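Residue strings, one per chain:
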Amino acid sequence: MTNYRQDIGAAEIIKALMQDSSLQFVDCNTHLRKGLCPACGKNELWIKKDEPWRVSCNRMDKCGWTASTRELLPELFTNFSEKYAPTEDKPHRTADAVMGFDRGFDLSKIRGWYEQASYTFPHSTSMCHTIRFYLDKEKTRYWERLIDKTKADGQKNNIGGKRKPNGSLFKGDAWLPPTVTLEDGDRCFLVEAIFHSIALYHYDYKAAATISSNHFPESFIKAHAGKGITWVLALDGDKAGRKGTIKDAKLLTEMGEKVEVLILPDNGKDWDDYHREHKLNKALIENALYSGKLFMAKSVEEKAYHFYQRHPYRTFILDFDSALYGIEINSGALEMDLNPRKKDDGESDPAPIDLSSKQGWDVFIRCVDVDQISNVYPRFLYMERDEIMEEQRYVFQIEYSNGNPSDIIGLEGTNITSPDAFHKSLLNKSRGGTFDGEVKQLKILRDMWLNSKMKTVTSIPFVGYDRDTSAYVFQQAAYYNGREIKLNRDGYFQVGKTGIKTSLNGVSITTDGEFKTDWLENYFKAFHWQGLALLAFWTGSLFAQQVRAKHKSWPFFEFTGEPGAGKSTALEFLWKLFGRDDYEGFDVMKATPAGRRRAFNQVSNLPVVIIESDRDDGTKDAKAKQFDFDLCKPFFNGRGTGTLGVARRNNDVEESLFQAALVISQNAEVDGSEALLQRIVHVHVDKRHHKPDSREVARWFERQNSSTVGGFLRKALRYERQILQVYEEAFQKYEAQFGKSEKIRNERIVKNHAQVAAFGDALAVMFPKAMTKDRQENLADYILKRAEAREQRLAHDHPMLEQFWESYHYMNSQHPTKEDDFLNHSNKSDQLAINMEQIREMCQKHGQEMPDLRQLKKLLPQGKRHKLIESGRAINSRHLGKTVRCWIFQK
Ligand SMILES: [Zn+2]
């Protein structure tokens, strides 16, 4: 068993493992070692080079993580037709590769059982290779497995050939491995698929495949009837398999045949999966046989009988037919009846009775007492913890004996403290479930639920990156260390040893869309350098917290432009890349405090986009209500959404953190303090670069949705390590380069822009062809220009202040009396003293636009042209000879 697959693939797997930078393997002769364990984070992974089928963590007790190379490197186990095309001397090469490499079968055992054939898809000329097994000796009828392809209906199998006289291809038949014959008294497994039969053959079990689920091989059984064969029903562990088991067992019994039933755990694994994992062994089969007995029990008493033989407890609880029963065994009486004493001295001791015999059953049934304690079957799934809210719930699946579909409910700790509390919470949360058990029975149940290895699932109230586990968690998929993790059947993700899920439904992110790299050229055509800079920032947002952890900050991105310049199209498209449809951003001024809180807290390592919903309504009123972006300053370092009235965690000890990235999209530039303006990378879009076909090109982007382009997110997260690597190197480069610009003095501006430019380089990981070195450098040049413009912007006053001083000096020079400096009431030659009320009146008179006073008063203290000395001082006016309230500035 050890050297199967020897002729295929081991070297290729080793090569791929070494190339995967996230694993960090070191080649040590016969083994790869020191790989990075995704569960415990230690460099303790190892794998054997000549049998590279399973990677394991060396810390058996402390960690114990292990995964098959098939799970780790799924790409290696696809495209067999290309990688192993048949040749003249190896016409079965593709089929051999699948059977050996993918299925893990020992080719030396099964050679000649199958051949490589081909399947033509209906109504087309396209074909694919198949692995074909004949169903009869004459090779007229066959079952085959398609390689690398599926039929339109999702089927991977095909059955064909010349029909039997009764019109069918396989009705009544079963497939036995060609080298197997059934002898008198044999045990023969009945399995659903040929591959299951082959898997069992590797362990010397005889197994016949029924070819299709729900098919009873009547003629096959008849052909072997009366040989004393025990038929071991070993169908799939799922619902359909279990249903088929009941039906087939009945038919076999009616035919007078001996039957045993195996029930595999309902975990989606079948015989060849267990084979592939090296877990097909005696223990698995014995457990399945025991499960089969419990499953086939026709009464609670019979189930209790089988249970008791394995677990001889006096009292226990069993579920039967989706209800719960308390079982009491009168063990004293049972012992006595099983070991009868001789009646008088003259007789010899009677033989003890074997509990598993028919007589034993008769004894057992006299000594068992059964009582229904619940009309439903509550199956404990896991404990769910919300670390932020400090709440926890016990999650159960409730199965109903009346046939209702099952429910998943969450109970508080207090709900399972007493039978009465449990009874009430079942009534409240399930559909008519009750509990009538006693204290001691609830205790047995509670011990069963809580004392065995309990799964704890962390529930996070946002989507995206969870700092504690370093995993990205969305509704349907999670990503950890570049690997995709699917939601399990109980509704959470297993990340290493932690279970995690998001409790947020408001923001739905899908990651299963397509991703092609061919649209970048047109994206550039439609949105130019501004759009490319935005895409770089957008991509960087996925790693905002890793970047902040390393470089302390991640900038804000301001995306301004006149209406119709394509801002919305660009932003909506970028959201589609992240698996979110029909969304652009939210209007922070229109949001309620609760809505604001949600918007800033419900995503992590994703952008929060603030938009103006009234873009074309440039009324003064709307302007006056502009959002105070200074409140967002702490977000720069990932701190404090508390400033926005956001709930704090842990009784104010720790502030709620901003885990996202901020994008501001509006028509006009953001106002605010210098400290705010320093934190912004700003691009402005206009229609200048629009060409005649720009509109047409942009329309393509409008037509896309998350299913056509949303694979971007999946790829970016799978390449997390590579992207961050490129970013880190490029950041060093650009920080040095931008720092040399003579036009920039502010280090923060250098850093922010270098960060975005560095993610421009990292776009090459996503678009290896389109994101050429040239384009990376040109984008960096553009971003450097934006950095220089930002420095200029900081050196000058805010546009509103600039305009105010323009008006002031203009009006001062225009007064009809030509009185020198008539708006300046100061007596000092180096100061200006200005009365705001007078200015307002003059503005009206001269048809000058008077800025909003409230806004102005906010901006004046930051003024550079005339530095504010004091506001609202009463001085003696040199023009009026009386006291006037003035704002005093340096001249
Ligand atoms: Zn480990």
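Everything discussed here concerns the structure shown above.
Residues numbered from 1 in each chain as written. Predicted model: local features only at pLDDT ≥ 70, side-chain atom pairs only at ≥ 80, totals over all residues. Heavy atoms only, no water.

Caption draft 1: Quick peek at the sheet that holds strand E32 (residues 831-834). With antiparallel pairing, three strands are arranged side by side in an open sheet as E32-E34-E33. Since the sheet does not close on itself, it has two edges, and those belong to E32 and strand E33 (868-876), each with one partner. Strand-to-strand, the axes of this sheet are offset by a mean angle of 35°, without reference to chain direction. Relative to strand E34 (residues 883-890), E33 runs antiparallel, the two being bridged by six bridges. Pairing of Arg873 across the sheet is with Cys886, part of E34. (Pairing = 2+ DSSP bridges. Helix = DSSP H or I, 4+ residues; strand = E, 2+ residues; numbered from the N terminus. Axes fitted to C-alpha atoms, helices over the stretch in contact; angles between N-to-C directions.)

Caption draft 2: Geometry of the packing of aromatic side chains. All told, the structure shown has 64 aromatic pairs when counted by the stated rule. Where Trp519 meets Phe573, the ring centres are 5.0 Å apart and the plane angle is 85°; that geometry is what we call edge-to-face. With Trp519 in the loop between strand E26 (498-502) and helix H16 (520-541) and Phe573 in helix H18 (residues 567-577), this residue pair connects regions lying 54 residues apart in the sequence. Of the two residues, Trp519 and Phe573, neither departs from the other in class, the shared state being buried. Their ring planes at 85° and their centres at 5.0 Å tell us that Trp538 and Trp575 sit as a pair that is edge-to-face. (Phe/Tyr/Trp six-rings, centres within 6.5 Å; stacked < 30°, edge-to-face > 60°. Buried < 20%, exposed > 50% of the residue type's maximum accessible area, 1.4 Å probe, protein only.)

Caption draft 3: Up close: the pattern of salt bridges. For the structure on display, the rule yields 42 salt bridges. Residue Lys279 pairs with Glu277 through a salt bridge whose shortest N-O separation is 3.6 Å. Among the charged side chains, a salt-bridge network with shared partners connects Arg70, Asp102, Asp273 and Arg276. (Salt bridge = Lys/Arg side-chain N within 4 Å of Asp/Glu carboxyl O.)

Caption draft 4: Quick look at the side chain of Asp236. Here Asp236 shows up in the loop between strand E12 (230-233) and helix H8 (239-254). Notably, Asp236 is buried but unbridged: the nearest opposite-charge side chain belongs to Arg145, and the N-O separation is 9.7 Å. When neighbours within four sequence positions are excluded, Asp236 is seen to be in contact with Glu192, His196, Gly241, Arg242 and Asp270. (Lys, Arg positive; Asp, Glu negative; His and termini not counted. Contact = heavy atoms within 4.5 Å.)

Caption draft 5: How the structure looks around the environment of Ser212. As for its position among the elements, Ser212 is in the loop between strand E11 (207-209) and helix H7 (218-223). Look past the residues within four positions of Ser212 in its chain and what remains in contact with it is Phe170 and Glu192.

Caption draft 6: Layout of the pairing of strand E19 (residues 407-411). Judged from the five bridges that link them, strand E18 (residues 391-400) and E19 form a sheet pairing that is antiparallel. What sits directly across from Ile398, in E19, is Asp407. The hairpin formed by E18 and E19 contains six residues between the paired strands, and Gly403 there has a positive phi angle of roughly 95°.

Caption draft 7: How the structure looks around the nonpolar core. With 104 residues, the main nonpolar core has Trp519, Tyr523, Leu535, Leu662 and Phe767 as its most contacted residues. Top contributing element to this core by residue count: H16, with 13 residues. Of all hydrophobic cores here, the second largest spans 61 residues; its members include Ala16, Tyr84, Ala95 and Ile211. (Core = buried A, V, L, I, M, F, W, Y, C linked by side-chain atoms within 4.5 Å.)

Caption draft 8: Structural detail: the sheet that holds strand E8 (residues 141-146). Pairing is antiparallel across the open sheet formed by four strands, whose spatial order is E6-E7-E8-E9. Edge positions in the sheet fall to strand E6 (115-120) and strand E9 (157-161), since each of these pairs with one other strand and no more. Across the sheet, the mean angle separating the axes of adjacent strands is 40° when strand polarity is ignored. As judged from the six bridges shared by E6 and strand E7 (residues 127-134), these two strands associate in the antiparallel manner. Within E7, the position partnered with Ser118 by the bridge is His129.

Caption draft 9: Layout of the packing of H16 against helix H26 (residues 747-766). Running from N to C, H16 and H26 cross one another at 90°; their axes reach a closest spacing of 8 Å. In terms of their interaxial angle, H16 and H26 are classed as roughly perpendicular. Residues Leu532, Ala533, Leu535, Ala536, Phe537, Thr539 and Gly540 of H16 lie in contact with H26, whose contacting residues are Val756, Phe759, Gly760 and Leu763. Residue composition of the contact of H16 with H26, by class: eight nonpolar, three polar and no charged. (Parallel < 35°, antiparallel > 145°, perpendicular 65-115°, else oblique. Nonpolar A, V, L, I, M, F, W, Y, C, P; charged D, E, K, R; others polar.)

Caption draft 10: Up close: the pairing of strand E4 (residues 54-57). The sheet contact formed by strand E3 (residues 43-48) and E4 spans two bridges and is antiparallel. Its bridge partner being in E4, Trp46 is matched across the sheet by Ser56. When E4 meets strand E5 (residues 66-68), the two strands line up antiparallel, connected through three bridges. Paired with Arg54 across the two strands is Ser68, which belongs to E5.

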